[in-house]
Amino acid sequence: MMNSSVGTSILVLLIFATLSCCLDARLQVCQPSGKIRGIKPPPGQCNPENDSDCCKQGKMYTTYKCSPPVTGNAKAVLTLNSFQKGGDGGGPSECDNQYHSDDTPVVALSTGWYSGGDRCLNFITISANGRSVKAKVVDECDSTMGCDGEHDYQPPCPNNIVDASKAVWEALGIPEGDWGEYDVTWSDA
């Protein structure tokens, strides 16, 4: 009898140790993957529309290859972006090589959430201010690179960004004076 209860106890401990290992890995936060040094943009090469930042000469910017896990409603920072031709989003959207009207609810997600394009052209639900809106994922907000021509001489995105068109901000009823950065939650639609 004693041997079977000891064996059961050891089995329970092994199962618990295995589960706690896996749960700990799931609960880990996304750690920075590196840094890049900012360069001064050539004249007229960084579009500061929508309060977009331009890289600063010599400043070190953190990069990420991951984003926080998406379980239920993920916490994020909503930022403002123009996906129109000539807007601060730079070139055409990564998912469809198209530009999108500011009147269309579209977003770019930080690199980890963009997941190599796995969410391309899918809808997500963004919630804030007591409202929700569905928006189409059309681009990546690159968290691994920046401060170069391809990224409009803007710094890398943080790892928790939902970069949204004006239509998303309007649908959430956020007063225009508060546009720029806003705490939201989001989930796959």
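See above for the structure.
Now for a quick tour of the structure. The structure displayed is predicted, hence computed values, not measured ones.

**Observations concerning the state of the cysteines**
At step 1: Per the counting criterion, the structure on display carries five disulfides.
At step 2: Between the sulfur of cysteine 55 and that of cysteine 147 lies a disulfide, 2.0 Å long from S to S. Where cysteine 55 bonds to cysteine 147 through sulfur, the torsion about that S-S bond is close to -95°, and the disulfide is left-handed. With a gap of 92 residues between them, cysteine 55 in the loop between strand S1 (34-37) and strand S2 (60-63) and cysteine 147 in the loop between strand S6 (131-141) and strand S7 (161-164) connect regions that are remote in the sequence. Taken as a pair, cysteine 55 and cysteine 147 share a single burial class, namely buried.
At step 3: Across the disulfide, cysteine 141 is cross-linked to cysteine 157 (sulfur-sulfur distance 1.6 Å). Of this pair, cysteine 141 sits in strand S6 while cysteine 157 sits in the loop between S6 and S7, placing them 16 residues apart in sequence.
At step 4: Take cysteine 141: its relative accessible area is 7%, and that puts it in the buried class.
At step 5: According to the relative accessible area criterion, cysteine 157 is buried, its value standing at 13%.
At step 6: Each bonded cysteine in the protein gets a number by its place in the sequence, and the pairs come out as 1-5, 2-3, 4-9, 6-7, 8-10.

**A word on the packing of aromatic side chains**
At step 1: According to the stated counting rule, one finds three aromatic pairs in the structure shown.
At step 2: When the centroid spacing of 6.0 Å and the interplanar angle of 45° are considered together, the rings of tryptophan 169 and tryptophan 179 count as tilted. In this pair, tryptophan 169 is assigned in helix H3 (residues 166-171) and tryptophan 179 in the loop between H3 and strand S8 (181-188), connecting sequence segments ten residues apart.
At step 3: Classification of tryptophan 179 by relative accessible area gives buried; the value is 15%.

**Side note on the layout of surface pockets**
At step 1: Its boundaries defined by the atoms lining it, the largest pocket holds a volume of some 950 Å³.
At step 2: Lining the largest pocket are 37 residues, with Cys141, Gln154, Pro155, Cys157 and Asp163 sitting closest to its centre.
At step 3: In terms of residue count, the dominant contributor to the lining of the largest pocket is S6 (three residues).
At step 4: Across the lining of the largest pocket, the residue classes break down as twelve nonpolar, twelve polar and 13 charged.

**Let's talk about the environment of threonine 71**
At step 1: With respect to the helices and strands, threonine 71 occurs in the loop between S2 and strand S3 (74-80).
At step 2: By relative accessible area, threonine 71 is classed as exposed at 60%.
At step 3: Taking the C-alpha atoms as reference, threonine 71 lies 7.7 Å from serine 187; in sequence the two are 116 residues apart.

**Points about the nonpolar core**
At step 1: Counting residues in hydrophobic clusters, the biggest one holds 24 residues, and the most contacted among them are Leu78, Val107, Leu109, Ile126, Val162, Val168 and Trp186.
At step 2: Looking at this core, the elements with two or more residues in it are S3, strand S4 (106-110), helix H2 (111-114), strand S5 (123-128), S6, S7, H3 and S8.
At step 3: Not counting the four nearest positions on each side in its chain, tryptophan 186 is found in contact with Val70, Gly72, Asn73, Ala74, Ala76, Leu109, Trp113, Arg119, Ile124, Thr125, Ile126 and Val162.
At step 4: Of all hydrophobic cores here, the second largest spans eight residues; its members include Val77, Phe83, Val106 and Ala108.

**Concerning the pairing of S4**
At step 1: In terms of burial, S4 is a largely internal element, five of the five residues being buried.
At step 2: Where S4 lies against S7, three bridges are found, and the strand directions are antiparallel. Counterpart to valine 107 in the pairing with S7 is alanine 164.

**Focus: the pairing of S2**
At step 1: Of the two faces of S2, only one is covered, namely that formed by Tyr61 and Thr63; the face formed by Met60 and Thr62 stays uncovered.
At step 2: The sheet contact formed by S1 and S2 spans four bridges and is antiparallel. If you follow arginine 37 over to S2, its bridge partner there is methionine 60.

About the cut-offs
- Residues numbered from 1 in each chain as written.
- Predicted model: local features only at pLDDT ≥ 70, side-chain atom pairs only at ≥ 80, totals over all residues.
- Heavy atoms only, no water.
- Disulfide = S-S within 2.5 Å.
- Helix = DSSP H or I, 4+ residues; strand = E, 2+ residues; numbered from the N terminus.
- Buried < 20%, exposed > 50% of the residue type's maximum accessible area, 1.4 Å probe, protein only.
- Phe/Tyr/Trp six-rings, centres within 6.5 Å; stacked < 30°, edge-to-face > 60°.
- 1 Å grid on protein atoms, 1.4 Å probe; cavity = no way out; pocket = protein on both sides within 12 Å on 5 of 7 lines; lining within 4 Å.
- Points joined across faces, edges and corners; volume = space filled by probe spheres on them.
- Nonpolar A, V, L, I, M, F, W, Y, C, P; charged D, E, K, R; others polar.
- Core = buried A, V, L, I, M, F, W, Y, C linked by side-chain atoms within 4.5 Å.
- Contact = heavy atoms within 4.5 Å.
- Pairing = 2+ DSSP bridges.

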